[in-house]
Amino acid sequence: MGLSRRVFSALAGSSVLGLALGGSMSEVPSEAGAYGPVPTGQPGPPAADGVRHRVAVERDALVVDGRRLVLWSGELHPFRLPSPALWRDVLEKIRAHGCNAVTVPLAWNTHSPAPGRYDFTGVRDLGGFLRTAAEVGLYVVLRPGPRIGAGVDSGGLPGWLTARPGEPEYLRQAGEWLSRVNAVAARHLYTRGTGTVLLYRLDSPHPAEQAALRDRVRADGVDVPVLHEGSAPAWGEVRRPRDVAAARRALLGDVADGVTLHSVNTVFGGSSWGWLAASSAPGTEYDPTAGIDEARRPTERLVPLHQVGHLLRHVPDLARLEPAAEVAAPGLDVRHLADPDTGAEAYVLRNDSAAPVTSRVRMAGTDVKVTVPAGDARLLATGLDLGQGRKLAYATVQPMMTLKVGRVDLAVFTGRPGEMAHVVLDCPQEPWTVRLDEEGAWAYDQGKLHVTVELAAGTLTRVRVRNPDSDRLLLLFFTDDAYSLRLWPRQTPTGSVLVRGPGLLRSADLDGDTVRLTGDTVGECDLEVWAPRGITDVTWNGARVATTASRAGGLVTTARLPGVPDLAPPALGPWRRRAENPESAPGYDDSAWPTAGRVLDADAHGFHHGDVWYRARLTGAAGLGSVALSYATGAQGLLMAWLDGTPLGTHRMSAEDTSADTPGTWRATARFPTPGNPLLTDEAVLSVLVRRTQQDEDAPRAARGLTSADFTGAAPRARWRLQGAAAADPVRGPLNTGGLHGERSGWHLPDHDDADWEPVDAPRSPGRQGVTWYRTSFRLDVPPEVDASFGLTLEGTDRVQVFLNGWNLGQHTGDTAPAPHTFVLPTGLLHPRATPNTLALAVLSDGEPPTHPLTPHLTLLGSALSGAPGAP
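Worth saying up front: this structure is predicted, and the values here are computed from it rather than measured.

Section: the overall build of the chain
Along the backbone of the chain there are 10 helices and 54 strands. Taken over C-alpha atoms, the radius of gyration comes to 30 Å for the chain, in line with the 29 Å a tight globule of 872 residues would show. In terms of principal-axis extent, the alpha carbons of the chain reach across some 110 × 60 × 55 Å. By the burial criterion, 62% of the 872 residues in the chain qualify as buried. When contacts within the chain are restricted to residue pairs at least 6 apart in sequence, long-range pairs at least 24 apart make up 72% of them. As displayed, the chain has an accessible area near 31,000 Å², and 51% of this comes from carbon and sulfur atoms. Of the side-chain charges in the chain, 85 are positive and 97 negative, and the distance between the mean point of each set is 2 Å.

Next comes the structure, spelled out in structure tokens:
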């Protein structure tokens with residue numbers, strides 16, 4: 001997404017953009033219809049405070065308690081992190097990195113295993129999630145669908161619904177689903193002071209359907225604004241940018257276009273475990289472009305979110321921006337904006353070329369030389385109030401925040417490593433200026449203080465400025481992108497706090513003369529704190545740390561905070577092995593299986609996820625020469641067949657099998673010659689295993705499983721039965737298991753007794769077509785104060801389904817290449833200490849020796865010495 005030239009949202013002939021806490025006013029209609037002034041900016045962090053709040057959409061803007069609010073929301077899918085103990089961790093990271101809200105899609109199919117049955121307990125505890133978001137201090141944008149897309153099987157619709165055609169039935173069931181959600185949401189509304197649910201988004205493309213569902217939401221007592229696609233205010237959504245530069249272009253483009261509701265999709269992608277993923281997104285990692293990765297680690301993609309989010313929250317002079325006179329700069333696209341109340345101006349610069357562009361931009365009467373990297377963007381500002389009569393004349397680097405903390409005014413500027421930052425301040429009198437770090441340089445000339453800093457990678461440069469007649473300091477901070485992620489502003493009821501140094505700040509609370517901080521460190525680091533007056537002591541994760549007054553006017557620790565200790569995951573093994581698929585034997589008793597008739601579609605028979613077995617008793621099979629089995633699956637589908645227990649072969653879907661008429665569907669015909677001489681008997685049993693995989697989010701009713709069977713050499717009559725997944729797992733939900741014999745028998749569960757299984761040193765292919773299970777257990781010994789993320793890395797060319805403590809984590813599809821795949825093992829599903837963990841692998845083999853044998857091992861993905869409570 002670039003910085004388009006589309007016109008600002010028309011607000012009765014003038015465009016208004018509220019960006020940050022401040023005193024700017026904009027004209028919005030009052031309840032009586034007359035226009036009156038409404039302050040622009042953000043209220044303090046939201047909470048379930050027991051106070052009723054007014055939330056409304058007025059003149060294309062969101063107004064909360066009479067103040068225009070700019071929403072800066074990160075999207076998080078709770079169903080992709082099925083460990084409630086980790087929800088707080090990710091929510092705290094989202095807030096720390098500049099967001100004031102979290103967008104929460106809900107996948108209907110994870111809550112409803114059957115018609116009329118809904119589950120909001122355990123890993124589906126919506127109420128628990130909403131309580132945690134309120135405790136963290138985030139607004140909530142609730143998105144219950146009904147169809148959310150989001151790379152989820154059937155777009156989030158439950159499988160049982162996709163087998164029930166008809167719009168009236170869909171609308172009836174969708175209304176029932178929303179009512180169950182609304183019963184929870186109504187207890188957490190910001191309007192009632194019982195939670196922080198601020199907005200409700202319906203995902204429905206049809207106006208009549210939107211109206212009916214909106215009426216249902218209102219009838220259920222949800223009184224916050226209900227939005228949908230195309231409704232005002234418009235959303236600015238950043239989806240899967242290719243890199244950091246593209247993310248910054250998109251975010252700043254929305255700022256320049258006057259967007260007031262920002263959504264970053266997604267901040268945390270999480271894992272598509274089990275059979276959750278749609279065929280359009282079959283991998284286990286949902287969003288590799290997310291700022292917080294699948295293992296909950298921060299990535300460089302957080303940089304623009306962190307910087308622009310804090311810019312909008314902490315720069316009061318950018319409280320109201322309107323289009324200003326056009327400004328030209330050769331090689332750059334320039335959007336010039338101004339605040340008519342304060343005189344502050346902003347310039348959003350975009351470079352569309354594949355090389356850096358250096359140009360001159362006219363800012364505050366001066367031609368300023370600026371460089372914008374290839375394909376990137378930046379926001380520059382003039383006229384910002386920096387305290388004590390000082391204003392920002394201009395700067396060649398982007399502001400990130402301005403804060404007033406105790407006796408200190410702080411201004412933070414960010415740029416790329418190696419860049420020369422030039423900041424010019426209008427100063428009525430020559431100030432006392434001191435560089436606190438060697439990179440800084442300054443000069444005063446004709447009422448202007450010029451500060452230049454060459455930005456170094458991973459460092460902070462500080463310059464201290466003070467007027468001769470005042471003891472109030474101005475601190476100028478200059479950081480590169482990486483170090484900006486170590487600056488943590490925090491609002492408290494008694495004033496702002498800024499923390500420098502740790503890898504994460506989770507909370508900051510003022511208690512008398514003490515500021516109590518919690519957060520994470522990875523390596524050893526400094527800790528410096530700027531806090532309101534009267535604060536003399538600091539605690540970090542509950543322990544007092546010795547501090548001294550710093551030259552920068554803060555409190556700095558006398559010893560560095562410790563880093564996380566080294567951890568080493570244990571080796572896996574020994575293993576136990578057991579072969580399955582008794583369904584391939586001709587004498588297997590399938591009398592309890594449903595009969596298929598002429599309709600073989602698995603969904604039509606109630607089997608919506610995972611593998612499905614088919615068995616046909618063939619009459620008139622003498623002389624049978626070949627079998628042609630047509631089948632339809634999502635991505636990575638597979639079919640295995642046996643005739644009277646003899647393997648016919650294995651067929652895998654390929655890119656050439658993509659269906660042109662049905663999104664997310666692959667169709668193919670597997671043709672197998674019958675083994676040996678023509679059959680001498682008239683009766684035979686054909687057994688077929690189909691890995692049906694997922695439905696596409698835009699085609700939830702496409703056929704899955706076998707679609708037809710044809711024969712040559714004979715025309716037998718086929719009487720089909722089929723079997724898929726057993727009843728839904730009451731803990732893990734309906735998308736956890738499929739129809740493998742081992743799954744139906746509980747071989748994946750930690751309490752299964754495998755004492756009679758064959759002991760083996762490692763999971764090696766037994767040289768037979770079919771399914772073979774391997775189980776082992778292991779223990780971890782992670783200290784309680786350490787938050788560690790582990791993964792299971794698989795290499796090899798077998799098809800493998802992975803289960804940890806009964807949880808289906810997804811499949812390894814190394815059919816043609818041994819590329820390693822790492823499955824994240826979320827703490828909570830994974831026991832981090834003492835309790836043993838059970839790992840079960842269901843290996844689907846075509847009977848040929850794999851070109852690369854299966855090699856599983858545990859991998860430490862990341863760790864931190866953390867102030868977060870440990871996950872049970």
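Observations concerning the confidence of the model for the chain
Chain-level statistics for the chain give a pLDDT mean of 91 and a share of 93% at 70 or above. Scored below 50 in pLDDT, residues 1-38 shows 135 contacts in the model against residues more than four places distant or in partner chains.

Focus on the pairing of strand 21 (residues 398-405)
Burial runs high along strand 21: 7 of the 8 residues are buried. Across 7 bridges, the pairing between strand 21 and strand 22 (residues 408-415) is antiparallel. Each bridged residue has a counterpart across the sheet, and for Thr402 the counterpart in strand 22 is Ala411. As consecutive antiparallel partners, strand 21 and strand 22 are separated by 2 residues, and within that stretch Gly406 has a phi angle of approximately 55°, a positive value.

Some words on the sheet that holds strand 20 (residues 390-395)
With respect to topology, 5 strands assemble into an open sheet ordered 19-20-23-26-25, the strand pairing being antiparallel. Each edge of the open sheet is held by one strand with a lone partner, namely strand 19 (385-387) and strand 25 (440-445). Neighbouring strand axes in the sheet, compared pairwise and without regard to direction, differ in orientation by 30° on average.

Looking at the packing of helix 5 (residues 167-185) against helix 6 (residues 207-219)
For the pair helix 5 and helix 6, the least separation of the axes is 9 Å and the interaxial angle reads 30°. The pairing of helix 5 with helix 6 is recorded here as roughly parallel in orientation. The two elements helix 5 and helix 6 meet at a crossing, and its hand is right-handed. Only Glu209, Ala212, Leu213, Arg216 and Val217 of helix 6 make contact with helix 5, whose side of the interface consists of Glu167, Tyr170, Leu171, Ala174, Gly175, Glu176, Leu178, Ser179 and Asn182.

A word on the nonpolar core
Core analysis: the largest hydrophobic core is formed by 90 residues, its most contacted members being Leu476 and Phe478. For this core, the element with the most residues is helix 5, which contributes 7 residues. Ignoring anything within four residues of it in the chain, the contact list for Phe478 reads Phe413, Ala421, Val423, Val451, Val453, Leu455, Thr459, Leu460, Thr461 and Val463. Val152, Leu567, Tyr774 and Ala788 belong to the second-largest nonpolar core, a separate cluster that totals 39 residues.

Quick look at the packing of helix 7 (residues 244-256) against helix 8 (residues 302-314)
As a packed pair, helix 7 and helix 8 sit with axes 8 Å apart at the nearest point and diverge in direction by 25°. With respect to their mutual orientation, helix 7 and helix 8 come out roughly parallel. The interaxial crossing formed by helix 7 with helix 8 has right-handed handedness. Contact residues: helix 7 offers Val244, Ala247, Arg248, Leu251, Leu252 and Val255, while helix 8 offers Val303, Pro304, Leu305, Gln307, Val308 and Leu312. Classifying every residue of the contact of helix 7 with helix 8 gives 10 nonpolar, 1 polar and 1 charged.

Here's the deal with helix 1 (residues 84-96)
Helix length check: helix 1 (13 residues) gives 19 Å between terminal C-alpha atoms against 18 Å at 1.5 Å per residue, within 8%. The element helix 1 is largely enclosed, with a buried count of 10 among its 13 residues. Here helix 1 has its buried residues at Leu86, Trp87, Asp89, Val90, Leu91, Glu92, Lys93, Ile94, Arg95 and Ala96.

Points about the packing of aromatic side chains
For any pair of aromatic rings, the description rests on two quantities: the centre-to-centre distance and the angle between the ring planes. Scanning all chains against the criterion turns up 15 aromatic pairs. Ring plane angle 10° and centroid distance 6.0 Å describe the contact between Phe120 and Trp177, whose orientation is recorded as stacked. Taken as a pair, Phe120 in the loop between helix 2 (108-111) and helix 3 (126-136) and Trp177 in helix 5 lie far apart in primary sequence, 57 residues in all. The buried category is assigned to Trp177, whose relative accessible area is 0%. An aromatic cluster is present here, built from Trp108, Tyr118, Phe120, Trp160 and Trp177 joined pairwise through their rings. Residue placement shows Arg80 over the ring face of Tyr286; its charged tip is 3.7 Å from the ring centre. For Arg201, the ring lying beneath its charged end belongs to Trp235, and the centroid distance is 4.6 Å.

What to know about unusual backbone geometry
Going from Asn265 to Thr266, the amide bond is cis rather than trans, its omega being -5°. With respect to the helices and strands, the residue Thr266 is situated in strand 12 (residues 261-268). A cis amide bond links Gly573 to the next residue, Pro574, at an omega of -5°. Tracing the backbone through its elements, the reader meets Pro574 in the loop between strand 37 (555-557) and strand 38 (575-579).

Side note on the pairing of strand 14 (residues 333-338)
Of all the 6 residues making up strand 14, 6 are buried; the element is thus mostly covered by neighbouring parts of the structure. With 2 bridges joining them, strand 13 (residues 322-323) and strand 14 adopt antiparallel strand pairing. Across the sheet, Glu322 pairs through a bridge with Ala338, a residue of strand 14. Pairing analysis gives 6 bridges linking strand 14 to strand 15 (residues 345-350), with the strands arranged antiparallel.

Structural notes on the sheet that holds strand 24 (residues 432-435)
Strand pairing in a sheet relies on backbone hydrogen bonds, with the paired strands running either antiparallel or parallel. One open sheet accounts for 5 strands, arranged 21-22-28-27-24; its pairing is mixed. The open sheet has two edge strands, strand 21 and strand 24, and neither has a second partner. Strand after strand, the sheet turns through a mean of 15° between neighbouring axes, direction not considered. Running at roughly 45° to strand 21, helix 8 makes contact with strand 21 and strand 22 of the sheet.

A short note on the environment of His97
Here His97 is to be found in the loop between helix 1 and strand 7 (101-105). Classification of His97 as buried rests on a relative accessible area of 4%. Residues His97 and Pro582, spaced 485 residues apart in sequence, show a C-alpha to C-alpha distance of 53 Å. Looking at His97, its side chain comes within polar contact range of the side chain of His306, at 3.0 Å.

Brief notes about the pattern of salt bridges
Under the defined criterion, the tally for this structure stands at 48 salt bridges. Arg296 is the partner of Asp787 in a salt bridge, and the nearest nitrogen-oxygen pair spans 2.9 Å. Here Arg296 lies in the loop between strand 12 and helix 8 and Asp787 lies in strand 49 (residues 786-795), a separation of 491 residues in the sequence. Across the pair, exposure class does not vary: Asp787 and Arg296 are buried alike. Here the salt bridges do not stand alone but share partners, grouping Asp89, Glu92, Lys93, Arg296, Arg506, Asp520 and Asp787 into one network.

Calculation criteria
- Residues numbered from 1 in each chain as written.
- Predicted model: local features only at pLDDT ≥ 70, side-chain atom pairs only at ≥ 80, totals over all residues.
- Heavy atoms only, no water.
- Helix = DSSP H or I, 4+ residues; strand = E, 2+ residues; numbered from the N terminus.
- Rg over C-alpha atoms; globule rule 2.2 N^0.38 Å.
- Buried < 20%, exposed > 50% of the residue type's maximum accessible area, 1.4 Å probe, protein only.
- Contact = heavy atoms within 4.5 Å.
- Areas by Shrake-Rupley, 256 points an atom, 1.4 Å probe, with all protein chains shown as cover.
- Lys, Arg positive; Asp, Glu negative; His and termini not counted.
- Charge placed at Lys NZ, Arg CZ, Asp CG, Glu CD.
- pLDDT = per-residue confidence, 0-100.
- Pairing = 2+ DSSP bridges.
- Axes fitted to C-alpha atoms, helices over the stretch in contact; angles between N-to-C directions.
- Parallel < 35°, antiparallel > 145°, perpendicular 65-115°, else oblique.
- Left-handed = near helix turned anticlockwise from the far one by under 90°.
- Core = buried A, V, L, I, M, F, W, Y, C linked by side-chain atoms within 4.5 Å.
- Nonpolar A, V, L, I, M, F, W, Y, C, P; charged D, E, K, R; others polar.
- Expected span 1.5 Å × (residues − 1).
- Phe/Tyr/Trp six-rings, centres within 6.5 Å; stacked < 30°, edge-to-face > 60°.
- Lys NZ or Arg CZ within 6 Å of the ring centre and 35° of its normal.
- Polar contact = N/O pair within 3.5 Å; in protein donor to acceptor, adjacent residues only side chain to side chain.
- Salt bridge = Lys/Arg side-chain N within 4 Å of Asp/Glu carboxyl O.

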